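Here are the chains, one letter per residue:
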Amino acid sequence: MLAFTASRIFSTSKPHYELLDGLRGVSALMVIWYHFFEGFATSTVDQGFNHGYLAVDFFFVLSGFVIGYAYDGRWRQGLTKGEFMLRRVIRLHPMLVMGAVFGVVAFMIQGAEQWDHTPVASWSVMLCFLLGILMLPALPHTAAEVRGNGEMFPLNGPAWSLFFEYIASIAYAVVLHRLSDRALRWVVAVSGIGLALTAVMNLSGAYHIGNGWTAADYGWLGGLLRVSFSFSIGLLMSRGFKPVRIRGAFWICSATIIGVMCVPYITPDGNPSVWNGIFDSVMTLAVFPAVVYLGASGFTTDRISRGLCDFFGNISYPIYIIHYPFMYLLYAWIWAAPAERAFADIWPLCVAMWFGLILLAWVLLKVYDEPVRRWLNRKAFGSH
């Protein structure tokens, strides 16, 4: 990491987009329910809560908008690439490490074996953990790919989206922040066309854009196109942003996000369908950017709504990055039952887990994440 002047402190006088914090939290909480239902699906098309994977694309749009808004003007004040990346690492990495720790514990509780019950050597688990905290993907069919199902980060599956978030941050620091609006529109257009083609040409094998979680097949291409389009359009929207007047923006945007993610797999005949790819493309290319724009245009009007958005925003990242190891344990318990367990039978457990994860995320935020980030910021920048 490049050296920099530790005392440099940038202006924080810009207004804060509270509604975007709240919407990020709504999306993260819905992802958990998507993963609950994932444990009961027997195929791509039979999961009733199917489109939760689109939350990642919403997160990428949101990230591009917020980073562009916060940092575009700072490059002229002397912000360096190394300083920007260090700020991103301090923001993201402490909870990423905690998620990997939970992943190791969950994997050992499951018996340190792959999904087909093949035992996994301890050194492979430690290698997987090391790669995970270094944000290096485990390649398919290697010793570090300990679960045997192709995940980039087998101890904590959702970490794949943080891998592409880091790629977007590097691209922003090196290239994207320098681009003119016209050049950035070309990036948005080309990557958007490519992303839509991955869905309608069935590169995922199931006519959706849910690529990126694996390094196998078209995982790399799909992940890069997802982050390239969504981050870039968010960045483009942040430039010269002019809010529109809208009442009830938080509730309208929240209802839209929840509605999109709750839509079952779209299929006219029970088989994978191009109509689902079209739906994914429209939601990602048009609806989510519009939701971010409207969310940024709205504002909280009372202490309750302000507190709700603040709470949702604070727990959004912790709950997203630590919840999946608990899902591994839940899936193992569901699938190990002599008789098939249905969601209708265990929904109270899922509700209890959901609230428990919210509580855990809040506790980790207060006793671990925020103190660690404050300490790192003091060491690096002499500030909070």
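All of the points below concern the structure found in this document.

What counts and how
Residues numbered from 1 in each chain as written. Predicted model: local features only at pLDDT ≥ 70, side-chain atom pairs only at ≥ 80, totals over all residues. Heavy atoms only, no water. 1 Å grid on protein atoms, 1.4 Å probe; cavity = no way out; pocket = protein on both sides within 12 Å on 5 of 7 lines; lining within 4 Å. Points joined across faces, edges and corners; volume = space filled by probe spheres on them. Helix = DSSP H or I, 4+ residues; strand = E, 2+ residues; numbered from the N terminus. Nonpolar A, V, L, I, M, F, W, Y, C, P; charged D, E, K, R; others polar. Buried < 20%, exposed > 50% of the residue type's maximum accessible area, 1.4 Å probe, protein only. Phe/Tyr/Trp six-rings, centres within 6.5 Å; stacked < 30°, edge-to-face > 60°. Lys NZ or Arg CZ within 6 Å of the ring centre and 35° of its normal. Axes fitted to C-alpha atoms, helices over the stretch in contact; angles between N-to-C directions. Parallel < 35°, antiparallel > 145°, perpendicular 65-115°, else oblique. Left-handed = near helix turned anticlockwise from the far one by under 90°. Contact = heavy atoms within 4.5 Å. Expected span 1.5 Å × (residues − 1). Patch = residues over 30% accessible without salt bridge, like charges linked within 9 Å, V, L, I, M, F, W, Y side chains within 5 Å. Areas by Shrake-Rupley, 256 points an atom, 1.4 Å probe, with all protein chains shown as cover. Salt bridge = Lys/Arg side-chain N within 4 Å of Asp/Glu carboxyl O. Polar contact = N/O pair within 3.5 Å; in protein donor to acceptor, adjacent residues only side chain to side chain. Core = buried A, V, L, I, M, F, W, Y, C linked by side-chain atoms within 4.5 Å.

## Concerning the layout of surface pockets
Then, in step 1: Size it by volume and the second largest pocket reaches roughly 1,100 Å³.
Then, in step 2: Listing elements by their share of the lining of the second largest pocket, those giving two or more residues are helix H1 (18-38), helix H2 (55-71), helix H7 (219-238) and helix H11 (324-336).
Then, in step 3: Partitioning the lining of the second largest pocket into residue classes produces 19 nonpolar, 17 polar and four charged.

## A look at the environment of Gly192
Then, in step 1: In this fold, Gly192 is placed in helix H6 (residues 181-200).
Then, in step 2: Residue class for Gly192 comes out buried when judged on its relative accessible area of 2%.
Then, in step 3: Taking the C-alpha atoms as reference, Gly192 lies 35 Å from Gly307; in sequence the two are 115 residues apart.

## Some words on the packing of aromatic side chains
Then, in step 1: If you walk through the whole model with that rule in mind, you get 34 aromatic pairs.
Then, in step 2: Considering the side-chain rings of Trp160 and Phe164, the 5.9 Å spacing of their centres and the 75° angle between planes classify their relative orientation as edge-to-face. Of this pair, Trp160 and Phe164 both sit in helix H5 (residues 159-174), four residues apart, which is roughly one turn of the helix. For the pair Trp160 and Phe164, one class covers both residues: buried.
Then, in step 3: Among the aromatic residues, ring-to-ring pairing joins Trp33, Phe36, Phe37, Phe40, Phe49, Phe343, Trp354 and Phe355 into one connected group.
Then, in step 4: Across from the ring centre of Tyr71, 4.9 Å away, lies the NZ or CZ of Arg74, which sits over that ring.
Then, in step 5: When the ring centre of Tyr328 is taken as reference, the NZ or CZ atom of Arg147 above it lies at 3.5 Å.

## Some points on the packing of H5 against H7
Then, in step 1: Running from N to C, H5 and H7 cross one another at 55°; their axes reach a closest spacing of 10 Å. Here H5 lies oblique to H7, going by the angle between them. Relative to H7, H5 is oriented so that their crossing is right-handed. Counted together, Trp160, Phe163, Phe164, Ile167, Ala168 and Tyr172 of H5 and Gly219, Trp220, Gly223, Leu224, Arg226, Val227, Phe231 and Leu235 of H7 form the full contact between these two elements.
Then, in step 2: Its residues placed into classes, the contact of H5 with H7 shows eleven nonpolar, two polar and one charged.

## Some thoughts on H7
Then, in step 1: Helix length check: H7 (20 residues) gives 28 Å between terminal C-alpha atoms against 28 Å at 1.5 Å per residue, within 8%.
Then, in step 2: Of all 20 residues that make up H7, 16 are buried, and the element is covered over most of its length.
Then, in step 3: Two residues or fewer past H7, Gly240 is found with a positive phi of approximately 65°.

## Examining the environment of Trp362
Then, in step 1: In this structure, Trp362 sits in helix H12 (residues 343-381).
Then, in step 2: A relative accessible area of 29% means that Trp362 is categorised as partly exposed.
Then, in step 3: Separated by 231 residues in sequence, Trp362 and Leu131 place their C-alpha atoms 27 Å apart.

## Quick notes on a nonpolar patch on the surface
Then, in step 1: Together, Val274, Trp275, Ile278 and Val282 give the surface a local cluster of nonpolar side chains, amounting to about 340 Å² of exposed area.
Then, in step 2: Residue placement: Val274 occurs in helix H9 (residues 274-297).
Then, in step 3: Taking the relative accessible area as the measure of exposure, Val274 reaches 32% and is therefore partly exposed.

## What about H9?
Then, in step 1: For H9, spanning 24 residues, the distance from its first C-alpha to its last is 34 Å, which sits close to the expected 34 Å at 1.5 Å a residue.
Then, in step 2: Put simply, Ser273 is the residue that caps the front of H9, since its side-chain oxygen is 3.0 Å from the backbone nitrogen of Trp275.

## Observations concerning the pattern of salt bridges
Then, in step 1: Within this structure, the stated rule accounts for nine salt bridges.
Then, in step 2: With a closest N to O distance of 2.7 Å, Asp57 and Arg226 form a salt bridge. In this pair, Asp57 is assigned in helix H2 and Arg226 in helix H7, connecting sequence segments 169 residues apart. Comparing Asp57 with Arg226, the two get one shared label, buried.
Then, in step 3: Residues Asp181 and Arg239 are paired through a salt bridge, measuring 3.0 Å at the closest nitrogen-oxygen approach. Here the residue Asp181 occupies a position in helix H6, and Arg239 occupies one in the loop between H7 and helix H8 (249-262), the gap between them amounting to 58 residues.
Then, in step 4: Residues joined in a network through salt bridges with shared partners are Asp72, Asp181 and Arg239.

## Details of the nonpolar core
In a soluble, globular protein the nonpolar side chains are often hidden away together inside.
Then, in step 1: One finds Phe36, Phe58, Phe84 and Tyr172 to be the most contacted residues of the largest nonpolar core, which totals 99 residues.
Then, in step 2: Per-element accounting of this core gives the leading share, twelve residues, to H1.
Then, in step 3: Those residues within four positions of Phe58 in sequence are excluded, and the remaining contacts are Leu23, Arg24, Ser27, Ile257, Phe288, Val291 and Val292.
Then, in step 4: Counting eleven residues, the second largest nonpolar core, distinct from the first, contains Ala112, Val120, Cys128 and Ala138.

Everything listed is a geometric property; what it means functionally is a separate question.
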